[in-house]
Amino acid sequence: MTALTDDTLPVTPRAIRDEMIVFVVMALLLASVPFTGVYPFFVMQALCFALLACAFNLLIGYGGLLSFGHAMFLGTAGYCSAHALKVWALPPELGILVGIAGAFVLSLITGYISIRRQGIYFSMITLALSQLLYFIYLQAPFTHGEDGIQGIPQGHMFGVFDLSKPTVLYYVVLVGFLAGFLLIFRIINSPFGEVLKAIRENEPRAISLGYRTDQYKFLAFVLSGTLAGFAGSLKVFVAQNASLTDVHWSMSGEVVLMTLVGGLGTVFGPVVGAFVIIAMQQYLAGFGQWVTVIQGSIFVICVLTFRRGVIGEIAHYFRRSL
Amino acid sequence: MADEFILETEGLTKEFAGFFAVRDVALKVRRGSIHALIGPNGAGKTTCFNLLTKFLKPSAGKILYKGQDITAMAPADVARMGLVRSFQISAVFPHLTAQENVRVALQRQHGSSFDFWRSKSVLNVFNDRARELLNDVGLSEFANTPAVEMPYGRKRALEIATTLALDPEMMLLDEPMAGMGHEDIDKIAALIKRISAKYTILMVEHNLSVVANLSDIITVLTRGQVLAQGHYSELTKDERVKEAYLGAGHA
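First, a word on what this report is: a plain description of the structure on this page. (Residues numbered from 1 in each chain as written. Chains lettered and ligands numbered in written order. Predicted model: local features only at pLDDT ≥ 70, side-chain atom pairs only at ≥ 80, totals over all residues. Heavy atoms only, no water.)

**As for helix α5 (residues 152-165) of chain B**
This is how it is decided: Each helix corresponds to a stretch of at least 4 residues labelled H or I by DSSP, and each strand to a stretch of at least 2 residues labelled E; elements are numbered beginning at the N terminus. An expected span of 1.5 Å times one less than the residue number is assigned to each helix. In this scheme, a residue with accessible area under 20% of its type's maximum is buried, one over 50% is exposed, and one in between is partly exposed, where area comes from a 1.4 Å probe on protein chains only. Residues count as neighbours in contact if any of their non-hydrogen atoms are within 4.5 Å of one another.
Here α5(B) spans 20 Å end to end across 14 residues, near enough to the 20 Å set by a 1.5 Å rise per residue. With twelve of 14 residues buried, α5(B) is to be regarded as a mostly interior element. Among the residues of α5(B), those classed as buried are Gly153(B), Lys155(B), Arg156(B), Ala157(B), Leu158(B), Glu159(B), Ile160(B), Ala161(B), Thr162(B), Thr163(B), Leu164(B) and Ala165(B). Considering only its buried residues, α5(B) is in contact with α9 (203-208) of chain A together with β7 (83-85), α3 (98-110), α4 (127-136), β8 (170-174) and α6 (182-195) of chain B.

**Focus on the sheet that holds strand β4 (residues 34-38) of chain B**
Residues and elements named next belong to chain B. Where we set the bar: The pairing criterion for strands is at least two bridges between them, as found by DSSP. Fitted lines through C-alpha atoms give the axes, limited to the stretch in contact for helices. The angle between two N-to-C directions lies from 0 to 180 degrees.
A sheet is described by the order of its strands in space; here six strands give the open sequence β7-β8-β9-β4-β10-β11, paired in mixed fashion. Of all strands in the sheet, those with a lone pairing partner are β7 and β11 (225-230), marking the two edges. Direction aside, neighbouring strands of the sheet carry axes that sit 20° apart on average. Both strand β10 (residues 217-222) and β11 contribute to a ladder of five bridges, which runs antiparallel. Opposite valine 220, over in β11, you have alanine 228 as the bridge partner.

**Observations concerning the pattern of salt bridges**
Residues and elements named next belong to chain B. So the rule is basically this: Just to be clear on terms, a salt bridge is a Lys or Arg side-chain nitrogen sitting within 4 Å of an Asp or Glu carboxyl oxygen.
Inspection of the entire model under this criterion finds 18 salt bridges over all chains. Close ionic contact of glutamate 8 with lysine 28 constitutes a salt bridge, the shortest N to O distance being 3.0 Å. Of this pair, glutamate 8 sits in strand β1 (residues 5-16) while lysine 28 sits in strand β3 (residues 28-30), and the two are 20 residues apart along the sequence.

**So, the interface of chain A and chain B**
Put simply, the rule is: In this description, buried area is defined as the sum, over both parts, of the accessible area (probe of 1.4 Å) that is lost when the two are combined. Between N or O atoms, a polar contact is any pair within 3.5 Å; within protein, one atom must be a potential hydrogen donor and the other a potential acceptor, and residues adjacent in sequence are included only when both atoms are from side chains. Side-chain classes are defined by residue name, with Ala, Val, Leu, Ile, Met, Phe, Trp, Tyr, Cys and Pro counting as nonpolar, Asp, Glu, Lys and Arg as charged, and the others, Gly among them, as polar.
Taken together, the contact pairs 33 residues of chain A with 42 residues of chain B. Between chain A and chain B, roughly 3200 Å² of surface is buried when both sides are summed, and carbon and sulfur atoms account for 62% of that area. Taken together, chain A and chain B are joined by three salt bridges. The partner of Arg212(A) in a salt bridge is Asp77(B), and the shortest N-O contact between them spans 2.6 Å. Scanning the region where chain A abuts chain B turns up 17 residue pairs in polar contact (both at pLDDT 80 or more). Residues belonging to the side of chain A that touches chain B are distributed by class as follows: 18 nonpolar, six polar and nine charged.

**Section: the packing of helix α3 (residues 40-62) of chain A against helix α8 (residues 191-201) of chain A**
Residues and elements named next belong to chain A. Heads up, the rule is: Note that the term roughly parallel is reserved for angles under 35 degrees, roughly antiparallel for angles over 145, roughly perpendicular for angles of 65 to 115, and oblique for everything else.
The interhelical angle for the contact between α3 and α8, taken along N-to-C directions, is 55°, at an axis separation of 8 Å. In terms of orientation, α3 lies oblique with respect to α8. Between α3, through Leu58, Gly61 and Tyr62, and α8, the contact on the second element is made entirely by Leu196, Lys197 and Arg200. Within the contact of α3 with α8, the residues separate by chemical class into three nonpolar, one polar and two charged.

Purely spatial values, then, with no claim about function.
Here it is as structure tokens:
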């Protein structure tokens, strides 16, 4: 995958200080959303996808592994959380944990199967596994097939925060997103992250230095899948349903799109990409089926003219890493 | 004696669909020596090299490292035993700085490489050692330069520094001077000579003149088989070597 990431990465040494400043600005901007009149549902939805894209980016941008089945973690966690909340009537915090646990177990299994494959074979196996899961969910009784799990109770987070109030829900989702984002940021800048980057840059060399690279890629896969599951659990509270849309392969494709538009292997790129794509779907909804065509065109333009993505180009221009 | 020879092969063979890239090679590398493996294009040097470092599986034969059979081991595990290789195309981590490149090698033995919840500032304890290693190969001013921006010769030096960071017992160098100008060749040759005081070195080289003064012993491969072995001065008198390898032009 090095060919894919080579040109897109900023070449300057990572400056954590710059990134922390941008992070604080991003957090403040997002925290002020309820006072601006921007439709909070849209922002919440975008935040869930932003976290999903960040988790996906951890795998491709830093591990060099292109998963084409990341929707399976989103959808599985969604179903698990929804089931826990609605059927078992668990409180929200436990519902989220059940969802994360579901995605964690799934990532252990799928990671074990797929991680030894390279390049396109890895992508194809993740796609195949997610399709397999899609048909299981289509038939399984607890997912209610085409109908999905509807009318999920939002409840009180930690018995205090009433999630049926939009503003409260917004801040809970925002805190969840920021926590997930910071965790990913830490992973990237950890001793483990250093090895992961080394493997992305030159796997044979990493092996020759004595690293059993499959183990590192496996851990990256599990972390990425579990965090994608966290995004899926949060999304259940926003959408109040869990449906097949979230496990469909087109969702996996959308995550790839978001990450590429924002900037592969950049810290903030996936967030920007998610907002761009979700905003397009929201505000171009009037065009009906043409949204897909417009999205496709933007994708083509993006790949042809600014391959590094929005944030990647900005970072490259200022010779900073963002 | 296992003590005298650090690396030995017996009947080492690699067959690719009927074609023998390496055939029945018996190699003995003396501890503390600089051993060169040379041969014309297609002689099986790189295949042989990849067999020794476990990046290829032999079709037949045995590889002994420090008296232990490593034929069935994984490449990462061989590296952990102190048998570390370099690559023909310079193998650095391009978007990491020179110092970070060396640190990646240093951090492995530390055992914190799976810690994804800790800040990488814990790796700063390796900075001094990394600087030392960069100094040793004359790269101190490149410490904060991303490897991708370094000149080719410097990348090879960085690669050697990264390998030295593992404190290996034996280094396998795949054409360390390939694609270099004369100035860089002299630098790297001097560097190899210097580090050979501490390590055993087996190097694959295409160019006989490069290894002439550098190596203690030279093994000549042609068509996957050992043609001759000896010191440079002996080999230059060997008619078979002249014919097969040096060609009429050199005679």
